[in-house]
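One letter stands for each residue in the lines below.
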Amino acid sequence: MTSTGQYLRDALDGPWKEIRDQCREYLAADIFTTDPALDTKAARARALEQMRALVETGYPESGFARENGGTGDAGAAVAGFEMLAYADLSLTVKAGVQWGLFGGAVENLGTKRHHDKYIRPLIKLDLLGCFAMTESGHGSDVQQLETTATYDPDTQEFVINSPTPSSRKDYIGGAAEHATMAAVFAQLITEGESHGVHCFVVPIRDENGGDLPGVTTSDCGHKGGLPGVDNGRIMFDNVRIPRENLLNRYADVEEDGTYRSEIDNDSRRFFTTLGTLVRGRVSVGGGAAAGARVALSIATRYALKRRQFRPAKDEPENVLLDYLSHQRRLLPLIAKSYALAFAQNDLVRKMHLIQTGQNTDPEAQRALEKRAAGLKVAQTWHATRAIQESREACGGAGYLSENRIVTLKADTDVFTTFEGDNTVLTQLVAKELLTAYADEVRDYDATDWVRFAATMAGDVVRERSGVRQMIQTLFDRSDESVEEGDLSRRASQLQLFADREDYLVRTAAQRLRNGAKNGDAFKAFNNAQDHILKAGAAHIDRLILEEFIDGIELIKDDEARKIAETLCDLYVFTEIEADRDWFIMHRFMSVERAKAVRRGVNELCESLRPHALTLVEGLGVPENMLRASMLNDASVYERE
């Protein structure tokens, strides 16, 4: 690896560089390689075998508090999860279910009695669990789950029941074969009153793998990817569990059936519960982005070797990456991968401070949830696009399983749905933007939201974030005024992104206000959804750019920093080019300036072409972990 590539990698590795390097070392072992030729049964067995090998590395302990037998390093847990994607995404997801979702529910929603009983066994895989939230009838709208947990004071037990076909727990990783216990989300009912969704630990299998009485599990069968993950379904027929199996950090039921909670509002209690599980969303986005880095590393290295077409009769054939069209396919996606990596590092840092008790500000938790939702959207959609483009850029070779890209494509496809549908999450981000000005509106439904929007006014983005100060700081550095700014200046780029976000948020509020005049709040909200989603996406883009700018400051080498600055320009120009119709229509940009942006993308690609190998080295996927046969096939390259 070049020294410049190492400096870039160090910056992208972020605060948990040591953990990432350890993962690169042990994940290079043969046990962690993916094998697309395995059938479903063998793939599932291999994923479990890989999990047991992970236990020996000590990785699972990082995600749990010291008092519970872990090392208390939440950031390391997420960084390690991302690195698993370099090896096998079935392992990534299965590990995420066991130690992230199931283990996270027990630790974050339970109390000492649950920690003492379950956490050490689940770390060591003596207890295999699953996370039973999603139902056939409700995925995104978790508050409306139909599974019930009714308290029986005579026996001091909860009765878990699936009252309707649509209450079946669906797509649950681990439920088809390996899990013996489930973290089940259900409507808690006691003394004839429902108190909303709570989480319970429910045994589902005996030591021989058979369903326990009242539990019916089934297999989701063959999927489009992730063959090593045993997704299944669960139905409950009046399954009785002890009262103590309620994960009672935020609410409890006394022996006589009395319900107690320090959070009086059911909706607030629900969102507080989900907020403690935000690590799953942070991890899913990071894992998808890591998969994209693998695909882009393979495709770029291939494009630096593969030759096609002679420029003249007696000259050698050109390598693919010498063509501007090929540069445009890959280099902007590499630039975005860098941007997302810096943004993910900042997100993990914020999450780590909150989950290790170093930041107890409730507003910080709320901001974390919004940012995690937004970055998960950006990273998973980026992965889908980047991996597909990488596949096409490698031609027929990219379609062979031995070259990994199609496996990466299949395995990451569902990440756009994991931990929240991307469209729903983008709407959530926009809602937070529109309701961030009064805490009491956090739990509003569509009607209340529209009513609140009628009161909004002012410079939304700049008054509620640090972007104004950041823009001014950048201008101060360059001795340039706002009026003189052009898109080659970082401050002007950030201002353009902030202006777009501000305009979209304010006009979305105006559109909601106008639509509500007819008295149909849902229709007003529904008719403005396209605008609301656009505002959410613009906010995400601005946050990513801010973190790219901050991330460049972490690069210790002048040459590496210069390359990163050019990459940042390419990210900005590519994003503007993709949305140039909007910028022109809303008079944020002239046609002439839009043409200059297109030329700028070409020029930036050309300037980065000599550094292509350095760029993929910086992405941090070791060459020995790419495991793509075509990169070692000299017969397709050496044609002079």
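The shown structure was predicted, so the numbers you read here are calculated from the model rather than taken from an experiment. (Residues numbered from 1 in each chain as written. Predicted model: local features only at pLDDT ≥ 70, side-chain atom pairs only at ≥ 80, totals over all residues. Heavy atoms only, no water.)

Draft legend 1. Layout of the overall build of the protein chain. Scanning the protein chain for helices and strands turns up 22 helices and 11 strands. A compact globule built from 640 residues should have a C-alpha radius of gyration of about 26 Å, and the protein chain, at 25 Å, falls within 12% of that. When its C-alpha atoms are laid out on the principal axes, the protein chain stretches across 90 × 60 × 40 Å. When burial is assessed residue by residue, the protein chain has 57% of its 640 residues classed as buried. Taking contacts inside the protein chain between residues at least 6 apart in sequence as the whole, the part at least 24 apart equals 74%. Carbon and sulfur atoms make up 48% of the accessible area of the protein chain, which totals about 26300 Å². Charge separation in the protein chain, taken as the distance between the mean sites of 77 positive and 98 negative side-chain charges, equals 4 Å. (Helix = DSSP H or I, 4+ residues; strand = E, 2+ residues; numbered from the N terminus. Rg over C-alpha atoms; globule rule 2.2 N^0.38 Å. Buried < 20%, exposed > 50% of the residue type's maximum accessible area, 1.4 Å probe, protein only. Contact = heavy atoms within 4.5 Å. Areas by Shrake-Rupley, 256 points an atom, 1.4 Å probe, with all protein chains shown as cover. Lys, Arg positive; Asp, Glu negative; His and termini not counted. Charge placed at Lys NZ, Arg CZ, Asp CG, Glu CD.)

Draft legend 2. Highlighting the nonpolar core. Formed by 158 residues in total, the largest nonpolar core has its most connected members in Trp99 and Tyr338. If we ignore the near neighbours within four places in the chain, the residues touching Tyr338 are Leu8, Leu12, Phe548, Leu567, Thr614, Leu615, Gly618 and Leu619. With 25 residues, the next largest nonpolar core counts Phe158, Val184, Phe200 and Val253 among its residues. (Core = buried A, V, L, I, M, F, W, Y, C linked by side-chain atoms within 4.5 Å.)

Draft legend 3. Geometry of the environment of Leu425. Considering the arrangement of structural elements, one finds Leu425 in helix α12 (residues 422-435). Exposure remark for Leu425: the relative accessible area of 3% places this residue in the buried category. In this view, Leu425 contacts Arg281, Ala373, Lys376, Val377, Glu419 and Gly420; residues no more than four positions away in its chain are not counted.

Draft legend 4. The sheet that holds strand β7 (residues 215-219), seen in detail. With antiparallel pairing, 3 strands are arranged side by side in an open sheet as β4-β8-β7. A single partner strand is all that each edge strand has here, and the edge strands are β4 (169-173) and β7. Neighbour-to-neighbour, the strand axes of this sheet turn through a mean angle of 35°, independent of strand direction. Strand direction decides the pairing type here: β4 and strand β8 (residues 231-236), joined by 3 bridges, are antiparallel. Across the sheet, residue Gly173 finds its bridge partner in β8, namely Asn231. (Pairing = 2+ DSSP bridges. Axes fitted to C-alpha atoms, helices over the stretch in contact; angles between N-to-C directions.)

Draft legend 5. Broad picture of helix α5 (residues 89-109). Where α5 bends most, the angle comes to about 35°, and this point is Gly103. Among the 21 residues in α5, 20 count as buried, and that is most of the element. Here α5 starts with a cap whose side-chain oxygen sits 2.9 Å from the backbone nitrogen of Ser90, and that cap is Asp88. (Bend = angle between axes of the 7 residues up to and from the residue. Polar contact = N/O pair within 3.5 Å; in protein donor to acceptor, adjacent residues only side chain to side chain.)

Draft legend 6. Focus on helix α1 (residues 3-13). Among all positions of α1, only Thr4, Gly5, Leu8, Arg9, Ala11, Leu12 and Asp13 are buried. Taken together, the buried residues of α1 touch α2 (17-26), α9 (324-355), α19 (558-578) and α22 (612-619).

Draft legend 7. View of unusual backbone geometry. Look at Glu191: it is not a glycine, yet its phi comes out positive at around 50°. Relative to the helices and strands, Glu191 is located in the loop between β5 (181-190) and β6 (193-203). Here Glu191 falls in the exposed class, since its relative accessible area comes to 60%. With phi around 55°, Glu419 is a residue other than glycine that occupies positive phi space. Turning to its location among the elements, Glu419 is positioned in the loop between α11 (405-412) and α12.

Draft legend 8. Fine view of the packing of α9 against α19. The N-to-C vectors of α9 and α19 enclose an angle of 110°; their axes lie 8 Å apart at closest approach. What the angle tells us is that α9 and α19 run roughly perpendicular. Residues Arg328, Leu331, Pro332, Ala335, Lys336, Tyr338 and Ala339 of α9 form the contact with α19, whose own contacting residues are Leu567, Leu570, Tyr571, Thr574, Glu575 and Glu577. A breakdown of the residues in the contact of α9 with α19 according to their chemical character gives 8 nonpolar, 1 polar and 4 charged. (Parallel < 35°, antiparallel > 145°, perpendicular 65-115°, else oblique. Nonpolar A, V, L, I, M, F, W, Y, C, P; charged D, E, K, R; others polar.)

Draft legend 9. Quick look at the pattern of salt bridges. On inspection of all chains with the given rule, the structure shows 41 salt bridges. Close ionic contact of Glu577 with Arg580 constitutes a salt bridge, the shortest N to O distance being 4.0 Å. Accessibility expressed as a relative area gives 15% for Glu577, which makes it buried. Owing to a relative accessible area of 33%, Arg580 belongs among the partly exposed residues under this scheme. Put simply, Asp10, Asp13, Lys17, Asp21 and Arg24 are held in one network by salt bridges that share partners. (Salt bridge = Lys/Arg side-chain N within 4 Å of Asp/Glu carboxyl O.)

Draft legend 10. Representation of the packing of α9 against helix α10 (residues 362-393). In contact at an axis separation of 9 Å, α9 and α10 are set at 155° when each is read in the N-to-C sense. Compared by their axis directions, α9 and α10 come out roughly antiparallel. Judged by the sense of rotation from one axis to the other, the crossing of α9 with α10 is left-handed. Tallied by class, residues from the contact of α9 with α10 come to 14 nonpolar, 7 polar and 8 charged. (Left-handed = near helix turned anticlockwise from the far one by under 90°.)

Draft legend 11. Local environment of the environment of Asp237. By secondary structure assignment, the location of Asp237 is in the loop between β8 and β9 (239-242). Put simply, Asp237 and Glu603 are 366 residues apart on the chain and 65 Å apart in space, counted from C-alpha to C-alpha. Setting aside anything within four residues of it in sequence, one finds Asp237 in contact with Ile160, Asn161 and Gly214.

Draft legend 12. View of the confidence of the model for the protein chain. Averaged over all residues, the pLDDT of the protein chain is 90; the fraction at 70 or higher stands at 91%. Segment residues 437-442 is flagged for pLDDT under 50; beyond a separation of four residues in sequence, or across chains, it makes 16 contacts in the model. Low pLDDT (under 50) marks residues 479-485, which in the prediction has 11 contacts with non-local residues, meaning those over four places away or in another chain. (pLDDT = per-residue confidence, 0-100.)

Draft legend 13. Quick peek at the packing of aromatic side chains. Overall, the coordinates contain 13 aromatic pairs when judged by the stated rule. Considering the side-chain rings of Tyr59 and Trp99, the 6.3 Å spacing of their centres and the 80° angle between planes classify their relative orientation as edge-to-face. Separated by 40 residues along the polypeptide, Tyr59 in the loop between α3 (40-57) and α4 (74-84) and Trp99 in helix α5 bring together distant segments of the chain. Taken individually, Tyr59 and Trp99 each receive the classification buried, so the pair is uniform in this respect. Counting every residue linked through ring pairs, the aromatic cluster contains Tyr503, Trp582, Phe583 and Phe588. (Phe/Tyr/Trp six-rings, centres within 6.5 Å; stacked < 30°, edge-to-face > 60°.)

Draft legend 14. Highlighting the side chain of Arg293. Checked against the element boundaries, Arg293 lands in helix α8 (residues 278-303). Judged by its relative accessible area of 5%, Arg293 falls in the buried class. One polar contact links Arg293 to Tyr86, side chain to side chain, over a distance of 3.1 Å. Other than its neighbours up to four places away in sequence, Arg293 contacts Glu82, Tyr86, Ser337, Ala341, Leu619 and Val621.

Draft legend 15. Summary view of the pairing of strand β3 (residues 157-161). Among the 5 residues of β3, 4 are classified as buried, and the element is accordingly described as predominantly covered. In the sheet, strand β2 (residues 148-152) pairs with β3 via 5 bridges, with the strands oriented antiparallel. When the sheet's bridge partners are listed, Ala149 is paired in β3 with Ile160. Where β2 hands over to β3, the hairpin turn is made up of 4 residues, of which Gln156 adopts a positive phi near 55°. Where β3 meets β9, 4 bridges bridge the pair, whose relative direction is antiparallel. Residue Val159 lies in a different strand from β9, and its bridge partner there is Arg240.

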